[in-house]
Amino acid sequence: MDLPKSPNVFHPEKPSAVGSRNSLAQEYRDQQSEVNQLMEEETNKIIHHLTAKLPKDVLERLDVMGSVKEKLYNYFNQNFQNMFNRYIVTAEDEMEKKVRDFVDREESKVLARYTPKEIADLLNEIGGADKFNSGEFEKSIVNMYGHLQGHVQRGVNELETHTNNLLEQKRDTGSFIRGENAYSIIKCAFKDNVDKPFTVTDVKLSINILDSELISPIFHYQVTVEYLIKDLLSRYITDCIDKEIEELKDERLAEGLEELSDSEIVFTKLANVEHHTDDDIESEKSKRYAQVAKAIMDKLTELRAEIDPESFDQMNIRENLKKIIDIENIRTRGFNTAINSITSILDTSKMGYQYIENLKNARELLIREYEDSNIANLPDERYQLKLRYIDSAQLIEERKSYDVQVKSLELEVEHVWDLVEVIYEDDKPWKRVTDFNDLAKKVKKRIKVLIADKTGAPIYEDIDKVWDEIMFVKPAETEVERSNRTYVYEKKKIYERTILIRQKLLEMYDYKYPKERQVIEERLMFLEREFSRFDYMINPYHIQPGLILDLDITSIKRTKKTLDSMANVLNEFLLGVSKGFQDAAFATFTRRRSTVRTDLTQSFAAE
């Protein structure tokens, strides 16, 4: 009879057999009952908390689609099993590698037993990579625990997101990003799908991560080497000033003086800038050339990412300077880090993609879940992601094009408005009052004789009209509005004009559809569709230089699988590339010495 621990025994329940889930080391403990007890206890805690906090009518509505206890139990059980299985697989893989390496080393020792004694003793005295060296083993342990921690953290994040969505019934922007990165949202719009409005939701989400908040700075491919070095020097100077401020704080604290206020810290930093640099560009003894000499900076003038092959010489100073900068990957480090972060998170989150286009020189990344871009052929669960880095010069050009596009839409809608107005006036019957304007023209002379001539006031037609009867009068623009145009007034006016045009068409033709009406309505439908697409875009006046992440998500309302998965992806991505919003006043806040009371520590001892 085979022993239970024999390697020839395969059984799922026998302790220490091959494929068994039980071990002799557990001393026949009931593993399943222990897990059930843990799950039951955690579930009952949450149920007790919900029962104590929520009203009775809310609790009754929560159990309409199934027991909340069963849902929580399933979430705990599923995530616990996933994390445990990942841990077991990782541990077994690492242990297998260690055993294989150990066997290889022992076999190599046996094969070398005929080595002369002197050489063997000499090698033992010198020692080798495997003698008293636990570095490789420690690296494996660190990697194993690192992978385990990542799996556990991801499982906890998913569990937290699912639990919050279950309890809060999240269907809004808050289900995507929370915490210190919520401010980064530029635009988030939920709207019903055009083809399936009752079952499918379309979501547009745009996130802006500013330059100052990026963990790794991003530069355009075309930026000069001189600019890169100056940016490094600027960061170095800022770090030096921060160190000086910290030393000053410690000195004042040691001398018993009051701590510097926030304003004093800012003024001190501004005053210390002159200690590290100045505006004298021509002098070689200028402080700005203390770290990098003026001769080197002159060599780098207008030197970009690429050098003309005809003038390229490996022995030139500028080529070697450029090579040093390229080896450090300063130009590509930030954007490549962002790309690696988003793609690895999508892979580990089971959010695969069939299409990716990395425009490296343009600093733009496009990812689609499916290669086909025809919406009619795509499923109801899909996403499209566009990651782009944009600087101030690009923003200025995009704002110019946005201004032109708004004016063009206004012009086209006004043209349709004028066309309908002309047709309406031409179709009026003669000598008959149809609307208010006809009545005003008919009694115009009588008003002039009976009222205007007697009072001396100008008649209505001679007064300049400011109100167009579509939108209220727009206030004059200040410098704030001119620099940050929202175009809310103009967009709403375009929308109101389209509604009035349709109303006038209904008054003119009722249920008749002549060729003129068909042509006008086709044009109006085209303009409405294009205006909706334009309004769905991001206003570049609301963007600041930095990283832009555009997400277009389509998800089924009942399942929300893509929405939930993308929420985990976004939070993990922002955590990896952004420092988040930090208020300097709160970050550096310390209790003022003037507010520390010494009379609280009283005693009866003699002073």
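Located above this text is the structure these notes cover.
What this report covers is the structure whose coordinates are included nearby.

What counts and what doesn't
- Residues numbered from 1 in each chain as written.
- Predicted model: local features only at pLDDT ≥ 70, side-chain atom pairs only at ≥ 80, totals over all residues.
- Heavy atoms only, no water.
- Helix = DSSP H or I, 4+ residues; strand = E, 2+ residues; numbered from the N terminus.
- Expected span 1.5 Å × (residues − 1).
- Buried < 20%, exposed > 50% of the residue type's maximum accessible area, 1.4 Å probe, protein only.
- Contact = heavy atoms within 4.5 Å.
- Phe/Tyr/Trp six-rings, centres within 6.5 Å; stacked < 30°, edge-to-face > 60°.
- Lys NZ or Arg CZ within 6 Å of the ring centre and 35° of its normal.
- Pairing = 2+ DSSP bridges.
- Core = buried A, V, L, I, M, F, W, Y, C linked by side-chain atoms within 4.5 Å.
- Polar contact = N/O pair within 3.5 Å; in protein donor to acceptor, adjacent residues only side chain to side chain.
- Axes fitted to C-alpha atoms, helices over the stretch in contact; angles between N-to-C directions.
- 1 Å grid on protein atoms, 1.4 Å probe; cavity = no way out; pocket = protein on both sides within 12 Å on 5 of 7 lines; lining within 4 Å.
- Points joined across faces, edges and corners; volume = space filled by probe spheres on them.
- Nonpolar A, V, L, I, M, F, W, Y, C, P; charged D, E, K, R; others polar.
- Patch = residues over 30% accessible without salt bridge, like charges linked within 9 Å, V, L, I, M, F, W, Y side chains within 5 Å.
- Areas by Shrake-Rupley, 256 points an atom, 1.4 Å probe, with all protein chains shown as cover.
- Salt bridge = Lys/Arg side-chain N within 4 Å of Asp/Glu carboxyl O.
- Parallel < 35°, antiparallel > 145°, perpendicular 65-115°, else oblique.
- Left-handed = near helix turned anticlockwise from the far one by under 90°.

## So, helix 6 (residues 225–254)
Here is step 1: Under the 1.5 Å per step criterion, the end-to-end length of helix 6 is 44 Å for 30 residues, consistent within 8% with the ideal 44 Å.
Here is step 2: The set of residues buried in helix 6 consists of Val225, Glu226, Leu228, Ile229, Asp231, Leu233, Ile237, Cys240, Ile241 and Ile245.
Here is step 3: Buried residues along helix 6 sit against helix 7 (262–272), helix 8 (294–299) and helix 9 (317–327).
Here is step 4: Downstream of helix 6 by one or two residues, Gly256 has phi in the positive range, about 80°.

## Concerning the packing of aromatic side chains
Here is step 1: Going through the model one piece at a time under the given rule, you end up with five aromatic pairs.
Here is step 2: Their ring planes at 50° and their centres at 5.9 Å tell us that Tyr402 and Tyr487 sit as a pair that is tilted. Taken together, the residues Tyr402 in helix 11 (residues 392–426) and Tyr487 in the loop between helix 14 (479–483) and helix 15 (488–509) connect sequence positions 85 residues apart. With respect to burial, Tyr402 and Tyr487 carry one shared label: buried.
Here is step 3: Against the face of Tyr289 rests Arg288, its NZ or CZ located 5.9 Å from the ring centre.
Here is step 4: The residue whose ring lies beneath Lys504 is Trp417, and the NZ or CZ to ring-centre distance is 5.9 Å.

## Regarding the pairing of strand 3 (residues 355–359)
Here is step 1: Relative to strand 4 (residues 364–368), strand 3 runs antiparallel, the two being bridged by five bridges. What sits directly across from Ile356, in strand 4, is Ile367.
Here is step 2: Between strand 3 and strand 4, which pair antiparallel and follow one another directly, the connecting turn spans four residues, one of which, Arg363, has a positive phi of 55°.

## Some remarks on the nonpolar core
Here is step 1: Phe176, Leu547, Met566, Leu570 and Phe573 are the most contacted members of the largest nonpolar core, which has 33 residues in total.
Here is step 2: Contributing elements (two or more residues each) for this core: strand 2 (200–210), helix 10 (333–348), strand 4, strand 5 (382–390), strand 6 (546–556) and helix 17 (561–577).
Here is step 3: The greatest single-element share of this core, amounting to eight residues, is contributed by helix 17.
Here is step 4: Counting 18 residues, the second-largest nonpolar core is a separate cluster that includes Val416, Val420, Tyr487 and Phe531.

## Digging into the side chain of Thr554
Here is step 1: For Thr554, the position within the fold is in strand 6.
Here is step 2: Look at Thr554 and you get buried, because its relative accessible area is 7%.
Here is step 3: Within polar-contact distance, the side chain of Thr554 engages the side chain of Asp202 at 3.0 Å.
Here is step 4: Beyond its immediate stretch of four places on either side in the chain, Thr554 contacts Asn193, Val200, Thr201, Asp202, Asp380, Glu381, Arg382 and Thr562.

## Things to note about the sheet that holds strand 1 (residues 185–192)
Here is step 1: Taken in spatial order, the six strands line up as 1-2-6-5-4-3 in an open sheet, and their pairing is antiparallel. Where the open sheet ends on each side, the last strands, each with one partner, are strand 1 and strand 3. Across the sheet, the axes of successive neighbouring strands diverge by a mean angle of 5°, strand direction being ignored.
Here is step 2: Of the strand pairs in this sheet, strand 5 and strand 6 are connected by nine bridges, and their pairing is antiparallel. Within strand 6, the position partnered with Tyr389 by the bridge is Leu547.

## Topic: the layout of surface pockets
Here is step 1: The space that makes up the largest pocket amounts to roughly 1,400 Å³.
Here is step 2: Contributing to the lining of the largest pocket are 41 residues, with Lys204, Gln384, Arg533, Tyr536 and Asp552 lying nearest its centre.
Here is step 3: Elements that contribute at least two residues to the lining of the largest pocket include exactly strand 1, strand 2, strand 4, strand 5, helix 11, helix 16 (515–536) and strand 6.
Here is step 4: Take the lining of the largest pocket: its biggest share by element is seven residues, from strand 5.
Here is step 5: Residues belonging to the lining of the largest pocket are distributed by class as follows: 19 nonpolar, seven polar and 15 charged.
Here is step 6: For the second largest pocket, the lining is made up of 25 residues, of which Glu421, Phe436, Asn437, Tyr460 and Glu469 are closest to its centre.
Here is step 7: Those elements that place two or more of their residues in the lining of the second largest pocket are helix 11, helix 12 (436–442), helix 13 (444–455) and helix 15.
Here is step 8: Along the lines of polarity and charge, the residues of the lining of the second largest pocket split into 12 nonpolar, one polar and 12 charged.

## Points about a nonpolar patch on the surface
Here is step 1: Judged by side-chain polarity, Val433, Leu439, Val443, Ile447, Val449, Leu450 and Ile451 come together as a nonpolar surface patch covering roughly 550 Å² of accessible area.
Here is step 2: With four residues, helix 13 is the largest single contributor of residues to the nonpolar patch.
Here is step 3: Relative to the helices and strands, Val449 is located in helix 13.
Here is step 4: Judged by its relative accessible area of 47%, Val449 falls in the partly exposed class.

## Some details on the packing of helix 15 against helix 16
Helix packing for two helices is described by the angle between their axes and how far apart those axes are.
Here is step 1: Axis separation between helix 15 and helix 16 bottoms out at 11 Å; the angle between their running directions is 160°. Relative to helix 16, the element helix 15 is oriented roughly antiparallel. Crossing geometry of helix 15 relative to helix 16 is assigned as left-handed. Counting all contacts with helix 15, which are made through Lys491, Ile494, Tyr495, Thr498, Ile501, Arg502, Leu505, Leu506 and Tyr509, the residues of helix 16 involved are Glu516, Arg517, Ile520, Glu521, Leu524, Met525, Glu528, Phe531, Phe534 and Asp535.
Here is step 2: Within the contact of helix 15 with helix 16, the residues separate by chemical class into 11 nonpolar, one polar and seven charged.

## Some details on the packing of helix 6 against helix 7
Here is step 1: Following both chains from N to C, one finds helix 6 and helix 7 inclined at 130°, their axes separated by 10 Å at the closest point. Viewed along their axes, helix 6 and helix 7 adopt a mutual orientation that is oblique. Handedness of the helix 6/helix 7 crossing: right-handed. In this structure, helix 6 uses Ile241, Asp242, Glu244, Ile245, Leu248 and Lys249 to contact helix 7, whose residues at the interface are Ile265, Thr268, Lys269 and Asn272.
Here is step 2: Residue composition of the contact of helix 6 with helix 7, grouped by class: four nonpolar, two polar and four charged.

Everything listed here is a matter of coordinates, which is why it stays silent on function.
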